Amino acid sequence: MHRIFPSQQEYERIYLVVREHWAHLLLKFLIWVVFAALLVIVRRFGPPAIPALFAGTAGQVVELLLSLYQMFLVLSAFLIWVLYYLNIQVVTDMRIVDVDQVGLFSHTVSELHIENIEDVTSETNGLFGTIFNFGNVFVQTAGARERFEFDNVPNPAAIEKLLLDLYDKVPHEKRHD
Amino acid sequence: MPQENMLYLGLAGIFYVSSAVMGFFSFFGIYVLVKHGQSRGLALLVSLLYASVFIASLEQARGLLGSLR
């Protein structure tokens, strides 16, 4: 069986697998593009503007440093995508799973059973959030971790509704309210 | 020691230290992606693509360092 998170059961029904909205990822890549543009500008306009810096040994030194900068750009683009790809939230018929990859060296998987939900709030903030319909969903819990957060997810209102609908299906004797 | 040699050693130091640090983060990024990624096929594909671009950039930088010798 292909598992999305480590403790996934065979009989568990997956309702939603969600990541950060693509517009948020795009925003990060736009910042990356600014740094990449610096490299292009230096390579394109550097030699005519400061010929002494790009000729002879000095030119080779500058080219070497630019190559290292290029390697750094490639690495950072890769890491931006890896962190985007590995941060997911999963909603199943039994629980909410929050997989957090904070940097390369911190991987956390938190789970919340649907019957422990106390309150769900969704919010859409800012110009881009309103235009592209992404925002945050906060799940107040009765568990050890008091609040679950889905950050910058697409269609937060629909996720809020899904969670509340799943909670409504929980038998009253199992609820923690 | 001649000034050219000092310059070369300094640049070689910068090159090898930064390559080692970036190589370490690259390796760990690929490891984390393959280990925790939902689709192993996609993780391997992206890793291969990234590794080929990164190694090409590394080779280019190494060639430039070699030409300074």
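Residues numbered from 1 in each chain as written. Chains lettered and ligands numbered in written order. Predicted model: local features only at pLDDT ≥ 70, side-chain atom pairs only at ≥ 80, totals over all residues. Heavy atoms only, no water.

Mapped onto the elements, Phe54 of chain B comes out in helix α2 (residues 40-68). The exposure class of Phe54 of chain B is buried, given its relative accessible area of 6%. Sequence separation between Phe54 of chain B and Ser19 of chain B is 35 residues; the distance between their C-alpha atoms is 10 Å. Phe54 of chain B has contacts with Met71 and Val74 of chain A together with Met22, Gly23 and Ser26 of chain B, leaving out every residue within four places of it along the chain. (Helix = DSSP H or I, 4+ residues; strand = E, 2+ residues; numbered from the N terminus. Buried < 20%, exposed > 50% of the residue type's maximum accessible area, 1.4 Å probe, protein only. Contact = heavy atoms within 4.5 Å.)

All names here are of chain A. The phi torsion at Asn152 lies on the positive side, around 55 degrees, for a residue other than glycine. With respect to the helices and strands, the residue Asn152 is situated in strand β7 (residues 147-154). On the basis of relative accessibility, which here comes to 17%, the residue Asn152 falls in the buried class. Look at Asn155: it is not a glycine, yet its phi comes out positive at around 50 degrees. A relative accessible area of 36% means that Asn155 is categorised as partly exposed.

What tends to happen in soluble globular proteins is that the nonpolar side chains get buried as a cluster. One finds Leu64 and Phe78 of chain A together with Leu33 and Leu65 of chain B to be the most contacted residues of the largest nonpolar core, which totals 27 residues. Elements with a minimum of two residues in this core: α2 (56-86) of chain A together with α1 (3-36) and α2 of chain B. Among the elements that make up this core, the one with the highest residue count is α2 of chain A (11 residues). Every residue in contact with Phe78 of chain A, bar those within four places of it in the chain, is listed here: Ser26, Gly29, Ile30, Leu33, Val46 and Tyr50 of chain B. Formed by 17 residues, the second largest nonpolar core is a distinct cluster that contains Val137, Val139, Phe148 and Phe150 of chain A. (Core = buried A, V, L, I, M, F, W, Y, C linked by side-chain atoms within 4.5 Å.)

As a further point, take the sheet that holds β7 of chain A. Residues and elements named next belong to chain A. An order of β5-β6-β7 is seen for the three strands of this open sheet, with the pairing classed as antiparallel. In the strand order of this sheet, the two ends are held by β5 (117-123) and β7, each with one partner. Direction aside, neighbouring strands of the sheet carry axes that sit 15 degrees apart on average. Bridge count for β5 against strand β6 (residues 134-141) is six bridges, and the pairing is antiparallel. Among the inter-strand pairings, Glu123 is bridged to a residue of β6, identified as Asn136. Strands β5, β6 and β7 of the sheet are contacted by helix α4 (residues 156-168), whose axis makes an angle of about 165 degrees with β5. (Pairing = 2+ DSSP bridges. Axes fitted to C-alpha atoms, helices over the stretch in contact; angles between N-to-C directions.)

Turning our eyes to something else, we now look at the interface of chain A and chain B. Contacts between the two partners involve 28 residues from chain A, matched on the other side by 32 residues from chain B. Summed over both sides, the interface of chain A with chain B buries roughly 2700 Å², with 78% coming from carbon and sulfur. It is Leu64, Met71 and Phe78 of chain A in chain A that bury the most area against chain B; as a group they hold 24% of the surface buried on that side. Our enumeration of links across chain A and chain B arrives at zero salt bridges. The interface formed by chain A and chain B holds five residue pairs in polar contact (both at pLDDT 80 or more) in total. (Buried area = accessible area lost by both parts, 1.4 Å probe. Salt bridge = Lys/Arg side-chain N within 4 Å of Asp/Glu carboxyl O. Polar contact = N/O pair within 3.5 Å; in protein donor to acceptor, adjacent residues only side chain to side chain.)

Counted under the stated rule, the structure contains six salt bridges over all chains. Two residues, Arg62 of chain B and Glu59 of chain B, come together in a salt bridge whose shortest N-O distance is 3.3 Å. Taken as a pair, Arg62 of chain B and Glu59 of chain B lie in helix α2 at a separation of three residues, close to a single helical turn. Look at Glu59 of chain B and you get partly exposed, because its relative accessible area is 42%. Salt bridges sharing common partners tie together Glu12, Arg95 and Glu111 of chain A.

In short, the description is geometric, and any link to function would need to be established separately.
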